[in-house]
Structure formats: structure tokens, C-alpha cells
Amino acid sequence: MNIYLIRHGRQSSKLCNIDVDLSEAGRRQSALVGERLASIGIEAVYSSHLIRAVETAREANRYWNAKHIIRQELREISFGEMEGMADEEIAARFKDFKKEQERMEHDLPYPGGECAGDVIKRAIPVLEEIAESGYQNAAVVTHGGVIRTVTTALLHMEPKYYRLLGNSLENCSITEVRWNEKTGHFLMERFNDFAHLEPYPELLRASWVDAEN
């Protein structure tokens, strides 16, 4: 069976991991990914409980009319003390942590938060449950940190290397994995596919980073 991991649409705030709704651009992105996968035959859509993921799932599901299942285990990695901060403040206050993190010598937890291994422990069982559900095609609307960390697990990489998998995933990009029942392994079919967004430069990450708050 096929699982389509979808990063949520653009949120209405740039602050770190706060629970807010989608921006107008995020709703457009959600509709585009829904339309992109409309012919696949999505039978169920899972999402984290965070508002931006729930709204992305609902917007995309207008094209699928699938059962929507909310699972807290699919929430974003906890950034601990960084949550609610702007990027500039994080860069200044956690400069030493960021340097150590970039060396990727250990699977470091965010100060007061989670490490990649923590996310893998709670999210992979949900993917395994979906794989055994009997569905042929399911969508999972989750978060960039979750997609990057579970991908390391599926590829049998050490969790500390999750930062090698994309600097930042595009909002509403598709990462597709296929469950092989014979081998008991997940196969990676595509990663961070955002072809449906490319005709709209204003919906890409570069425009979000460059835009003023």
C-alpha cells in the first residue's frame, strides 16, 4: 500500500511551532495538493491534531472525500524553549546549540524538547498501523520535522542524520512511501515533491522566507 506524507500548508505566523491556522497561501497549497492526488484514490487521511495540519487535511480532503483520522502522535517535533520565538531570536539565544546540532555527532534533543529518536518512537507505530489497515492509499498530513525524522528510520539511517534530508521541506510537498508486505519494509518512492506548486512562485518557501511578517 502507498502512504503519502504531506507537510502542512503555510501557517499564519512565522513564530516557532505555535498552534495557529493556515494563511491564505496555505489554503491554496492545500487545495493544490488535494487536486494533485485526486486521481490516486485516497481512502483515509490522517493528520496531527495541530490546527495547521487539521486545516490542510480538510482542504485537501475536499478532493478525496476520505475518512479523516486525527492522531496526536503525528505532531511536530517539540522545539522546547524555542517555541514561540522568531528565527532571529533563536539564532541569537541558541547559537551554541545550533553549532553542536550541525555537527550531527549525536541525536540532540532541543533544549527542553525532543530529539529525532523521540519523534520516531511515537510516529513510526502510526505508519505501521496504516500499513496494516487494509487501505491501498492513505495520506498523512504532518510536519516537516516528522517527515524528515521518520524518513531516516524508514531508510535505516541513524536519527542524528535527519537534518541531511532537505534543508526545509516545501509546504504541502509529497513524500511517498510504499509498504512491501512480502519484505516487511517501506520503500521510498519520492521525497519533497512539490511539482504542483512550481507554477506559483509565491507559494514556495523562498517567497515565505523573503516576505515581511
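Residues numbered from 1 in each chain as written. Predicted model: local features only at pLDDT ≥ 70, side-chain atom pairs only at ≥ 80, totals over all residues. Heavy atoms only, no water.

**What to know about the pattern of salt bridges**
One pass over the structure, following the stated rule, counts twelve salt bridges. Glutamate 59 is the partner of arginine 62 in a salt bridge, and the nearest nitrogen-oxygen pair spans 3.3 Å. By relative accessible area, arginine 62 is classed as exposed at 61%. Ionic pairing is found between glutamate 158 and lysine 160, a salt bridge with its closest N-O pair at 3.6 Å. Each of Arg36, Glu176, Arg190 and Asp193 takes part in one network of salt bridges that share partners. (Salt bridge = Lys/Arg side-chain N within 4 Å of Asp/Glu carboxyl O. Buried < 20%, exposed > 50% of the residue type's maximum accessible area, 1.4 Å probe, protein only.)

**With respect to the packing of helix α1 (residues 24–36) against helix α2 (residues 51–60)**
The description of two helices packed together rests on the angle between their axes and the distance between the axes. As a packed pair, α1 and α2 sit with axes 8 Å apart at the nearest point and diverge in direction by 45 degrees. Between α1 and α2, the crossing angle belongs to the class labelled oblique. Handedness of the α1/α2 crossing: right-handed. Contacts between α1 and α2 involve Arg27, Ser30, Val33 and Gly34 from the former and Thr56, Glu59 and Ala60 from the latter. Tallied by class, residues from the contact of α1 with α2 come to two nonpolar, three polar and two charged. (Axes fitted to C-alpha atoms, helices over the stretch in contact; angles between N-to-C directions. Helix = DSSP H or I, 4+ residues; strand = E, 2+ residues; numbered from the N terminus. Parallel < 35°, antiparallel > 145°, perpendicular 65-115°, else oblique. Left-handed = near helix turned anticlockwise from the far one by under 90°. Contact = heavy atoms within 4.5 Å. Nonpolar A, V, L, I, M, F, W, Y, C, P; charged D, E, K, R; others polar.)

**Description of the sheet that holds strand β2 (residues 44–47)**
Within a beta sheet, neighbouring strands are joined by backbone hydrogen bonds and run either parallel or antiparallel to one another. Here six strands make up an open sheet; going across it, the order is β3-β2-β4-β1-β5-β6 and the pairing mixed. On the outer flanks of this sheet lie β3 (67–70) and β6 (185–193), each paired with one strand and no other. Neighbour-to-neighbour, the strand axes of the sheet open up by a mean angle of 20 degrees, direction not taken into account. In terms of strand pairing, strand β1 (residues 2–7) meets strand β4 (residues 137–142) through six bridges, oriented parallel. Paired with tyrosine 4 across the strands is alanine 139, a residue of β4. (Pairing = 2+ DSSP bridges.)

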